[in-house]
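# Coordinates in review
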Amino acid sequence: MQIYVLIFMLLLVLFIAYKTMGKDLMSPAFLYTAPFCIALLCGVVYADKWSLDLHFNTFITILLGAFLFVLVCTIVHFSYGKRLLIISRRKDNQCVPINVESWKITLIIIIQCISLYVVIGSMRTSLAQYGISGNLSLLMYYFRSYSLFSEYSVGISGLAINLRLFSIASCYIWIYIFVNNRVLKIKTRNEILLIISFGLGIANSVILGARGEALQLIFALVSVWFFIKRKHNNWKANIKFKQIIVLMAGLLFMLVIFKSTGDLLGRSSVIASTTSAIDEVAKYLGAEIKNLDLFLNEKHSNPVVFGEQTFSVLLTWIDEKYGMGWNIKSILTFRRINGISLGNVYTLYAPLIYDFGYVGAMIMIVVMAALSQYLYENVLLTKNSKVINGKIILNSYILFLVAFSFFGERVFSSVFNFSFYKYILIWLFMIWFTTKVHFKVKK
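Per chain, the residues get numbers from 1 upward, laid out in the order the sequence is written. At least 70 in pLDDT is required for a residue's local features to be given in this predicted model, at least 80 for side-chain atom pairs to be given and counted, and no such filter applies to totals for whole chains, interfaces and linings, which use all residues. With hydrogens and water stripped out, all remaining heavy atoms of the structure feed into the side-chain values.

Right, let's get into the overall build of the protein. Looking only at helices and strands, one finds 17 helices and two strands in the protein. For a compact globule of 443 residues, the expected C-alpha radius of gyration is about 22 Å, and the protein comes in at 22 Å, within 12% of that figure. Each principal axis of the C-alpha distribution contributes one length, and for the protein these read about 75 × 55 × 45 Å. Throughout, a contact is declared for two residues whenever any of their heavy atoms are within 4.5 Å. Intrachain contacts of the protein at a sequence separation of at least 6 include 78% that bridge at least 24 residues. Counting only carbon and sulfur atoms, one obtains 66% of the accessible surface of the protein, whose full area is about 21600 Å². When charges are counted, Lys and Arg are positive and Asp and Glu negative, with His and the chain ends excluded. Where a charge lies is defined by one atom per residue type, namely NZ (Lys), CZ (Arg), CG (Asp) and CD (Glu). Across the protein, the centroid of the 41 positively charged side chains sits 15 Å from that of the 20 negatively charged ones. The secondary structure listing takes helices from DSSP runs of H or I that are at least 4 residues long and strands from runs of E that are at least 2 residues long, numbered from the N terminus. Both definitions apply: the radius of gyration is a C-alpha atom measure, and the globule rule equals 2.2 Å times residues to the power 0.38. Surface accessibility follows the Shrake-Rupley procedure with a 1.4 Å probe radius. Residue values consider only the protein chains on display as shielding.

Written as structure tokens, this is what we have:
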């Protein structure tokens, strides 16, 4: 019964977020709350199969977290963002066409192809020490399985890591240029090259067997479109009902093919799976609620170091670099209920509560809300002289992390990660490269 009450109250919080943020579907408040509503609805449908009966501490954690997030975003919006919006609407916010030379896109395509070759070769070398070889799907399956769920030490070379990172990060610039010109209803001759490069970016993102970075690129395509559409409409959230229907249809299509993409990435190469596509989608969208409920009502050991699960990427790097002897391991174990696999996803609340307790977790939610909303409002401060608005690209990256809070903790673990700062440097380089670098041919 508690889960029905929670859904109703969370939908109410979502409606408040929608109204207070000016019907903006891309606001951090809306993106944080909406996925939790979907997760809970999946939980209701599969309540019997998963034996889901929410405890009160889970109920209050999810509700209070969403309420605080929306409240803080609303305070930042009305105390800071409203003033910026008034100032920005006095300026000329019309988008301008962005033309990028063919040789620049071709150069990035070549780098992306080299990246795939180097990464696959590095994967083969790493897995060969354990006697693993075979086709690409098999390599992808074992590489992901060994790197995440075993004691085996597998990885790719530094060159492969950085080439792959560059191949993915550069796609955010192409997304911006493609969407900008499409909003202006301008079809450039280089559009096909942009699409090819984007496809190679997707290939680089999934080559290690995971789908997260590919989903992030697709999300960036949608969010950049929302941003540029708003900018072109003088920052009004002028999204038509037809466009929302198209977006929902696209999301539905992604959900339908979700299991198939897992098969392509080698998830079924070794283990035969009889799980239906609908069950697979439900597991990814709703199992977090059941796992969180189990987690919050179990006893756990104390953290080895402060913030070990929330800042695990940074702390693991420090441990390996300076030999601190922390030996940090994930406490998010795989779960099975009634013979059904629920994975190891627990929403962002599990690591936060483990590291900081209930009160500390809510404080972290407040910090996360304030930071994401501040960055979101600062998009309005960009100078009109800038052809590519880097703040829109940054927000498309951060908003994905916020939206996936229902899945796991993403914001703090990503921001306190060197890869994030490499992304920023690559974006700055690409903006300079695409808009400032020109070859002049003397006649």
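Moving on, we come to the packing of helix H5 (residues 102–128) against helix H17 (residues 418–436). For helices, the axis comes from a line fit to the C-alpha atoms of the stretch in contact; other axes are also lines fit to C-alpha atoms, and the angle between any two N-to-C directions lies between 0 and 180 degrees. H17 packs onto H5 with a crossing angle of 145° between their chain directions and a minimal axis gap of 9 Å. In this structure, H5 meets H17 at a crossing whose hand is right-handed. Where H5 approaches H17, its residues Trp103, Lys104, Leu107 and Ile108 are matched on the opposing element by Met430, Phe433, Thr434 and Thr435. Under the scheme applied, nonpolar residues are Ala, Val, Leu, Ile, Met, Phe, Trp, Tyr, Cys and Pro; charged residues are Asp, Glu, Lys and Arg; polar residues are all the others, including Gly. Residues belonging to the contact of H5 with H17 are distributed by class as follows: five nonpolar, two polar and one charged. By convention the crossing between two helices is left-handed if the near helix lies anticlockwise of the far one by an angle smaller than a right angle, and right-handed if it lies clockwise.

Let's shift gears to the pattern of salt bridges. Take a side-chain nitrogen of Lys or Arg and a carboxyl oxygen of Asp or Glu: if they are within 4 Å of each other, that pair is a salt bridge. A full pass over the atoms with the stated rule returns five salt bridges. In this structure, Asp24 engages Arg230 in a salt bridge whose closest nitrogen and oxygen atoms are separated by 3.2 Å. Here the residue Asp24 occupies a position in the loop between helix H1 (2–20) and helix H2 (28–45), and Arg230 occupies one in helix H9 (residues 212–232), the gap between them amounting to 206 residues. For the salt bridge of Glu101 with Lys104, the shortest nitrogen-to-oxygen distance reads 3.0 Å. Three labels apply to residues, based on accessible area from a 1.4 Å probe with only protein chains included: buried if under 20% of the type maximum, exposed if over 50%, partly exposed otherwise in between. According to the relative accessible area criterion, Lys104 is buried, its value standing at 0%.

Read these as layout, nothing more, since geometry by itself doesn't imply function.
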